Amino acid sequence: MFIARAGQGVFAALLAPAALAILTVTFTDTKERAKAFGVFGAIAGGGAAVGLLLGGVLTEYANWRWCLLVNIPVAIVAIAAAVPLVMESKAHGDTRYDLPGAILVALGLASLVYGFTEAEDGWATVPTISFIALGIALLAAFVVVETKSDNPLLPMSVLLDRDRGAAYIGSAVIGAALLGGTLYLTFYFQIVLEMSPVIAGVASLPMTGGILITAAIASALVPKIGPKPLMAVGPVVSAIGLLLLTQIGVDTSYWTHVLPGVVLLGLGLGLLMVPMQNVALIGVPDHDAGAASALINATLQVGGALGAAVFTTVYTSSKTSYLADNPTPTPPAGVPAEALAGQEIPSDEVLAALPEPIRDFVLATIDHAFAAEVSGYAWAFGTAAILVALVCPVVLGLVRAKKDDLPVGDTPVHIG
């Protein structure tokens, strides 16, 4: 399983960066390119929620292995369509691969993500500090190598531009927010609300709908008003949605406490995605355009990985704190606590047959466990809200691009 997942990551790294470059090569008209970016953003954002629905169907009615096998026919169709339809594009000049840079950035990001994951046991522990420090050191070495390389994997001029830098920050935050907005929602749906995998997937679809709606709106507005207003408003809308999700509880309703937050999260992400992808290519030299296109996808994936580690740490810490502050209910007299420990949640029929003191204790214990879970989810949503909201001042402070600055005409963007 580990080897297979590593293989998925390797080939995803080969495919994902080329996607935005292919769109830029194929759609050269400003309005058509904005529409293409809108569709791309909607698919990229909505894919997470659709994947939850499809994964739920496959898990419930087939087997979890089909969640992996289903990618095979999709890949076959993609290959068959790509060969005749995708335009080839290659860089000119020095095209040697920057292996030292690739190795340093891969090891640095892996160490950083692992360090955040280890923070579940505490931020001051030796493994946490060591891996995070090692990751930072490796990434610093990567920057040094790139500044001295004749053909860098990531030209620093691409990353350090104000407009593009804001786009890459937004992309990383989107990756983290999508994960925070889907992973812990799924846990809440299936563990606390006791939804089936399929129903849990359906319950996540409003976020996809929100992304589709505002991605279409943004693709029409970007050529008219420019990218900055949309990039500033989108994070605020998504942050409000995530803050609404912090109000969930053990007994709260999906319709009143989850649906509004999920819809707002999707609406905000759609507003941010489309202009972000346009800004990522502003002012990039022809030879470096492929790197700029790749970086927007790479930051999305890196943001998701770091978000997984950070949100998991927040969730675990909050849950542990809740359990420490709220002791487990006391069992009724004559019934040792270990006699009921580790038991599965009983059905309504089994509960009804229990003596009243034991039934009350079992119900209180279930509520206590669910409350601890919900506390972890709420803190994860709150952390994601703060992270997303910070994109707004970043955009306001850094982005200077106007509608006339967006890439136009036959701007070449090499794919390989």
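The structure this text deals with has already been given above.
Residues numbered from 1 in each chain as written. Predicted model: local features only at pLDDT ≥ 70, side-chain atom pairs only at ≥ 80, totals over all residues. Heavy atoms only, no water.

Engineer: Help me get a handle on the packing of aromatic side chains, residues and values and all.
Structural biologist: A complete count under the given rule lists 11 aromatic pairs for this structure. Their ring planes at 45° and their centres at 6.1 Å tell us that tyrosine 184 and tyrosine 377 sit as a pair that is tilted. Taken together, the residues tyrosine 184 in helix α8 (residues 162-192) and tyrosine 377 in helix α14 (residues 356-389) connect sequence positions 193 residues apart. For the pair tyrosine 184 and tyrosine 377, a shared accessibility class is recorded, and that class is buried. (Phe/Tyr/Trp six-rings, centres within 6.5 Å; stacked < 30°, edge-to-face > 60°. Helix = DSSP H or I, 4+ residues; strand = E, 2+ residues; numbered from the N terminus. Buried < 20%, exposed > 50% of the residue type's maximum accessible area, 1.4 Å probe, protein only.)

Engineer: With reference to specific residues and values, describe the pattern of salt bridges.
Structural biologist: Summed over all chains, the structure comprises two salt bridges. Linking arginine 164 and aspartate 161 is a salt bridge whose minimum nitrogen-to-oxygen distance equals 3.9 Å. You can call aspartate 161 partly exposed: its relative accessible area is 22%. The closest approach of N and O atoms between glutamate 373 and lysine 319, which form a salt bridge, is 2.4 Å. Within this pair, whereas glutamate 373 is found in helix α14, its partner lysine 319 is found in helix α12 (residues 289-325), the two being separated by 54 residues in sequence. (Salt bridge = Lys/Arg side-chain N within 4 Å of Asp/Glu carboxyl O.)

Engineer: Explain unusual backbone geometry residue by residue, including any values.
Structural biologist: In this structure, glutamate 194 takes a positive phi of about 60° despite not being glycine. Looking at where glutamate 194 falls in the secondary structure, it is placed in the loop between α8 and α9 (197-225). Residue glutamate 194 is classed as exposed on the basis of its relative accessible area, which comes to 55%.

Engineer: Any chance you could break down the packing of helix α5 (residues 99-118) against helix α6 (residues 126-148) for me, citing the residues and the numbers?
Structural biologist: One can describe the packing of α5 onto α6 by two numbers: an axis separation of 7 Å at closest approach and a directional angle of 160°. Relative to α6, the element α5 lies roughly antiparallel. You can see that α5 and α6 cross each other, and the crossing is left-handed. Its residues assigned to classes, the contact of α5 with α6 comprises 18 nonpolar, six polar and two charged. (Axes fitted to C-alpha atoms, helices over the stretch in contact; angles between N-to-C directions. Parallel < 35°, antiparallel > 145°, perpendicular 65-115°, else oblique. Left-handed = near helix turned anticlockwise from the far one by under 90°. Nonpolar A, V, L, I, M, F, W, Y, C, P; charged D, E, K, R; others polar.)

Engineer: Outline the side chain of threonine 214, supporting the account with residue identities and numerical values.
Structural biologist: With respect to the secondary-structure elements, threonine 214 resides in helix α9. When its relative accessible area of 6% is taken as the criterion, threonine 214 is described as buried. Here the side chain of threonine 214 touches leucine 267 through a polar contact of 2.9 Å, landing on its backbone oxygen. When near neighbours in sequence (up to four residues on either side) are disregarded, threonine 214 contacts Gly266, Leu267, Gly270 and Leu271. (Polar contact = N/O pair within 3.5 Å; in protein donor to acceptor, adjacent residues only side chain to side chain. Contact = heavy atoms within 4.5 Å.)

Engineer: Tell me what's going on with the environment of leucine 15, and back it up with residues and numbers.
Structural biologist: Mapped onto the elements of the fold, leucine 15 is located in helix α1 (residues 2-26). Residues leucine 15 and asparagine 297, 282 residues apart in the sequence, show an inter-C-alpha distance of 9.9 Å.

Engineer: Quick rundown of a nonpolar patch on the surface? Include the residues and the values.
Structural biologist: Together, Trp66, Leu69, Ile72 and Ile76 give the surface a local cluster of nonpolar side chains, amounting to about 410 Å² of exposed area. Elements with a contribution of two residues or more to the nonpolar patch: α3 (66-69) and α4 (71-85). Here isoleucine 72 shows up in helix α4. (Patch = residues over 30% accessible without salt bridge, like charges linked within 9 Å, V, L, I, M, F, W, Y side chains within 5 Å. Areas by Shrake-Rupley, 256 points an atom, 1.4 Å probe, with all protein chains shown as cover.)

Engineer: Break down the side chain of arginine 164 for me, with residues and values.
Structural biologist: One can find arginine 164 in helix α8. Assessed through its relative accessible area of 5%, arginine 164 is described here as buried. Those residues in contact with arginine 164, other than ones at most four positions away along the chain, are Ser157, Val158, Val279, Ala280, Ile282, Gly283 and Val284.

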